[in-house]
Amino acid sequence: MALRRGRRRRRVQPFLFLLPSLVFLAAFTYYPILASLERSLYRASATVAHPTFIGLGNYAALGTDPIFRQVLENSGQFLIGTVPVTVGVALALALLLNRAHVLTTPFRTAFFYPTLLPLVGAAAIWLFVYTPGYGLIDVYLRRIVGGGTNWLGSPTLALPAVMILTVWKNAGYYMLFYLAGLQTISAELYEAARIEGAAWAQQFRAITWPLLGPTTLFVVVIASINAFQAVDQIFLMTGGGPDNRTNLLLFYIYQVGFQFFDLGRAATLTVFLLAVLMAIAAASFGFLERRVHYEV
Amino acid sequence: MRICRRHGALGRPVVPLLASIGLVMLVAVTVPPGHVGAQAPVALTYYYPVGVSGPLNKLMTDMVNDFNGAHPGIRVEPVFAGNYVQTMAKAMTAVLGGTPPDVAVLDTPELFSLLDRDAIIPLDDFIAQSGGKAWLDDFYQALLLNAQAGGHVYSIPWQRSTPIFYYNRDMFSKAGLDPSRAPKSWTELVEYAQKLTIRDAGGTVTQWGVEAPVADTSPWVFQGFLIEAGAPFFDPNGKWVKFNSPEAVHALQFILDLQNKYQVHPPGPTGAAFWSQVPQDFIQEKVAMIYSTTGNMTFIRTNAKFDWNAGFMPADKQYGAPTGGGSFYVFNKTSAARQAAAWTFIHWMTEPQQAARWSIGTGYVPIRKTELSAPAFKDYLKQVPQALTATLQLRVAGEQMTIHDVDEIGLLLVTAIQAAQTGRLTPQAALDQAQRNATAILAKYQ
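In this text, all values refer to a predicted model and were calculated from it rather than measured experimentally.

A.B. asks: In this structure, what is going on with the overall build of chain A? I would like to understand it.
C.D. replies: Looking only at helices and strands, one finds 13 helices and 2 strands in chain A. Counting only C-alpha atoms, chain A reaches 85 × 75 × 30 Å along its principal axes. Residues counted as buried form 41% of the 296 residues belonging to chain A. Taking contacts inside chain A between residues at least 6 apart in sequence as the whole, the part at least 24 apart equals 65%. Of the accessible surface of chain A, which amounts to about 16,100 Å², a share of 69% is contributed by carbon and sulfur atoms.

In structure tokens:
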């Protein structure tokens, strides 16, 4: 009897420990996901009292929404424009700063510093940096190529301008992961390589890059998810303009949901974003996982 | 996977235990106090936005504290809710959640969005109790235009503004122009702007003639150009818009001409950043003439190191400007007692001396005629005679676009203007597209 009670307690106990996080996950993750799924099947606007069921009507409407197409294109460009660059810059910084030198710590601090700033604050600063006429960039650029570049107002430059800020903001953070990754690579491997007469590029290709595989995977996944969650800088710097050229997926959801109060359409967009994020996660942890090297 | 294992390390028993304690405490603090004393004052939740630069939060808090001090039976709790869009989002979310605020200052053109949700109540009965037509007529008529629908009054003007035309008098004198007046017409605006645009030896502009944030996140200033061009562009009942009339195309073409043909206005789309850049450029003496809200007058007055003046927005067929800014709304589904208390608050806030205090502290236009004779306002006009210009312009002001789904349709117009400014579409094609999309959205209200 006592034995059985003990066994039952052992079976129940783990679930009790899980309960607090389960409550929060259910309230703030699972329920909203299910609610969004349900609401995406309705024509529901804040200005209409009773939602009507329209099946997949909202999804069909997305297919013909020209702004949604523009938003997808922008989000794709943002992903391609920020993730490889951020990862590349982070890796380069980590390689440069992975050595014992008097200046290593100040430099590491300097490159990590943007991470400590709230994104909203950083965006406000860059708003000034990009101001035509007397902004930081224009003042210096004028001496070289002539001034008057309206970064955030130009349909071709606005999105790259936001991307530059995003790379600047995130590269230092991913650098930390790479620094940590580099610490785990055994010095013996490099010693052996040097004895064999391997050049720096060979060492990088044969040792550093493969052994950093897990770090790179992690950083790419986080950076991709971040790219789809970018919203603060858009909110502050461009409002999605000009001509919707900087309107990204999450900002569009905000517009449709909280400015147009078209809740059904916003839920549909949310489900779409969710699907994208889950696809990224699935791709990385399923398919890519088999290809990265793991140290034992 | 290493990353997962790192998370796994958190699974020590102490963590869930701590989390459970935290959860219990969270529940404990969020449970509302059980009993409220019988004589406790009526507590009103009041949402307000801040739409212009300046220490507005402090002034608002001071005024609310003064109200609470003078009314022991009512306790107004001010909730700063961000800009207009954010405040509207918070209010609507609260309404959808069944816990509406009692009173809020919201962007005045949200009228139909609020009515469509049954979120607000008509104020006719309260107005009748407070002096009826005589009381209401003291407010400037232009400000009441978009407070009404179906014969009822739904909002009381509060922080109202209008775009006006600021100009740098020192630059006018230097260019040989009469510094005592602003250009009167679009034609004269072009002449002035050409004289005021200065280029260096390399052809780079060092001083622009004019800057007009015609479309930032809303097409507010552009509506002034539409009114001036004589384009009736929306239905007073909020059910249709007319964005592609010949007059509207003419107005948009004029903006493009300032930018591309005469090159007296910075080129390219006027985006969200441009709205706040324009007054900055003005005080930095990078531009001679700007269109900006009266709400920025205090900012310009305190920061400009030169002689400046304000004038009407130059006329095309006629003078004109939209009104703008926020008004007081009283919410539905609270209780009669709370609604009456909300009215007491609104009535007190809009008393001439209180309203004058707000106008002086912010630069928003006077909302009532008697406000002008308040002693404090008379003193203010002696210091800032320019403040009168905005009031005078109210006589020729038109109604700001107030329609169903006003935010979404306003953004269509913004996109159209920006598409024309980037050269992606011609003015006609851009406005045609906005018209088509707007008609589709408004179809459900026909």
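Following the structure, the description resumes.
A.B. asks: Looking at this structure, how should I read the overall build of chain B?
C.D. replies: Within chain B one finds 20 helices and 12 strands. For 446 residues, the compact-globule formula gives about 22 Å, and the C-alpha radius of gyration of chain B, at 25 Å, lands near that figure. In chain B, which comprises 446 residues, the proportion classed as buried is 56%. Pairs at least 24 apart in sequence give 76% of the contacts found in chain B among residues at least 6 apart.

A.B. asks: When you look at helix α8 (residues 187-196) of chain A in this model, what are you seeing that I'm missing?
C.D. replies: Helical geometry: 3.6 residues make up each α-helical turn, so side chains three or four residues apart lie on a common side. Between the side-chain oxygen of the N-cap and the backbone nitrogen of E188 of chain A there are 3.2 Å, and the N-cap of α8 of chain A in question is S186 of chain A. Downstream of α8 of chain A by a residue or two, G197 of chain A has a phi angle that is positive, lying close to 85 degrees.

A.B. asks: Please clarify how the interface of chain B and chain A should be interpreted in this entry.
C.D. replies: The figure often quoted for interface size is the accessible area lost as the parts come together. Of the residues lining the interface, 39 residues belong to chain B; the matching set on chain A comes to 42 residues. The contact between chain B and chain A buries some 3,400 Å² in all, and 64% of this surface belongs to carbon and sulfur atoms. Summed over the shared surface of chain B and chain A, the number is 2 salt bridges. For R424 of chain B, the salt bridge goes to D243 of chain A, with nearest N and O atoms at 2.7 Å. Among the secondary structure elements, those contributing two or more residues to the side of chain B that touches chain A are α1 (2-8), α2 (14-30), α4 (84-96), α5 (111-116), α13 (272-283) and α19 (406-422) of chain B. For the side of chain B that touches chain A, a count of residues per class yields 19 nonpolar, 11 polar and 9 charged.

A.B. asks: It is not clear to me how the pairing of strand β11 (residues 308-311) of chain B should be interpreted in this structure. Could you clarify?
C.D. replies: Along any regular strand, the residues point their side chains to alternate faces of the sheet. Residue and element names in this part refer to chain B. Residues W308 and A310 of β11 are buried on one face, and the alternating residues N309 and G311, pointing to the opposite face, are buried as well. In the sheet, strand β7 (residues 163-168) pairs with β11 via 4 bridges, with the strands oriented antiparallel. Bridge pairing in β11 links Y167 to N309.

A.B. asks: I would appreciate a short explanation of the sheet that holds strand β9 (residues 205-211) of chain B in the present structure.
C.D. replies: Strand pairing in a sheet is mediated by backbone hydrogen bonds. Such pairs are either parallel or antiparallel. Residue and element names in this part refer to chain B. Strands sit in the order β8-β9-β10-β7-β11 across an open sheet of 5 strands; the sheet is mixed. In this open sheet, the two strands that pair with only one neighbour each are β8 (198-199) and β11. Where β9 and strand β10 (residues 287-293) come together, 3 bridges link them in parallel fashion. Looking across to β10, one finds that W208 is bridged to V287. Packing against the sheet, α13 makes contact with β7, β9, β10 and β11, and its axis sits at approximately 135 degrees to β10.

A.B. asks: Just to check I follow, could you spell out a positive patch on the surface for this structure?
C.D. replies: A grouping of R7, R8, R9, R10 and R11 of chain A is seen on the molecular surface, where their side chains present a positively charged patch. If you trace the backbone, R11 of chain A turns up in helix α1 (residues 2-39).

A.B. asks: I'm lost on the packing of helix α3 (residues 56-70) of chain B against helix α16 (residues 352-362) of chain B in this one. Help?
C.D. replies: To describe two helices that pack against each other, one gives the angle between their axes and the distance between the axes. Residue and element names in this part refer to chain B. Between α3 and α16, the least distance of the axes is 10 Å, while the angle of their chain directions is 165 degrees. When the interaxial angle is binned, α3 and α16 end up roughly antiparallel. Crossing geometry of α3 relative to α16 is assigned as right-handed. Residues L56, L59, M60, D62, M63 and D66 of α3 form the contact with α16, whose participating residues are Q354, R357, W358, G361 and T362. Across the contact of α3 with α16, the residue classes break down as 5 nonpolar, 3 polar and 3 charged.

A.B. asks: Is there a simple way to think about the side chain of E211 of chain B in this case?
C.D. replies: All names here are of chain B. Its location among the elements puts E211 in strand β9. In this structure E211 is buried but unpaired, with K286 as the nearest side chain of opposite charge at 10 Å. When neighbours within four sequence positions are excluded, E211 is seen to be in contact with H265, P266, F274, V278, D281, V287, M289, I290 and Y291.

A.B. asks: Looking at this structure, how should I read the nonpolar core?
C.D. replies: A general trend in soluble globular proteins is that nonpolar side chains are found buried together. All names here are of chain B. Of all hydrophobic cores here, the largest spans 75 residues; its most connected members are F222, F225, V241, M289, Y291 and I409. Sort the elements by how many residues they give to this core and α19 lands first, with 9 residues. For F222, the residues in contact, after removing those within four places along its chain, are V214, A248, A251, L252, I255, L413 and I417.

A.B. asks: Explain the sheet that holds strand β3 (residues 103-107) of chain B to me, please; I cannot follow it from the model alone.
C.D. replies: All names here are of chain B. The 5 strands lie next to each other as β2-β1-β3-β12-β6, forming an open sheet whose pairing is mixed. Whereas interior strands pair on both sides, the edge strands pair on one side only; in this sheet they are β2 (74-80) and β6 (156-161). Averaged over all pairs of adjacent strands, the angle between their axes in this sheet comes to 20 degrees, without regard to strand direction. Bridge count for β3 against strand β12 (residues 324-330) is 5 bridges, and the pairing is antiparallel. Residue pairing across strands places V103 opposite V330, the latter belonging to β12. Of the strands in this sheet, β1 (42-48), β2 and β6 touch α3, which is tilted by about 170 degrees from β2. Along the sheet, helix α15 (residues 336-349) makes contact with β1, β2, β3, β6 and β12, crossing β1 at roughly 55 degrees.

How each quantity is defined
Residues numbered from 1 in each chain as written. Chains lettered and ligands numbered in written order. Predicted model: local features only at pLDDT ≥ 70, side-chain atom pairs only at ≥ 80, totals over all residues. Heavy atoms only, no water. Helix = DSSP H or I, 4+ residues; strand = E, 2+ residues; numbered from the N terminus. Buried < 20%, exposed > 50% of the residue type's maximum accessible area, 1.4 Å probe, protein only. Contact = heavy atoms within 4.5 Å. Areas by Shrake-Rupley, 256 points an atom, 1.4 Å probe, with all protein chains shown as cover. Rg over C-alpha atoms; globule rule 2.2 N^0.38 Å. Polar contact = N/O pair within 3.5 Å; in protein donor to acceptor, adjacent residues only side chain to side chain. Buried area = accessible area lost by both parts, 1.4 Å probe. Salt bridge = Lys/Arg side-chain N within 4 Å of Asp/Glu carboxyl O. Nonpolar A, V, L, I, M, F, W, Y, C, P; charged D, E, K, R; others polar. Pairing = 2+ DSSP bridges. Axes fitted to C-alpha atoms, helices over the stretch in contact; angles between N-to-C directions. Patch = residues over 30% accessible without salt bridge, like charges linked within 9 Å, V, L, I, M, F, W, Y side chains within 5 Å. Lys, Arg positive; Asp, Glu negative; His and termini not counted. Charge placed at Lys NZ, Arg CZ, Asp CG, Glu CD. Parallel < 35°, antiparallel > 145°, perpendicular 65-115°, else oblique. Left-handed = near helix turned anticlockwise from the far one by under 90°. Core = buried A, V, L, I, M, F, W, Y, C linked by side-chain atoms within 4.5 Å.

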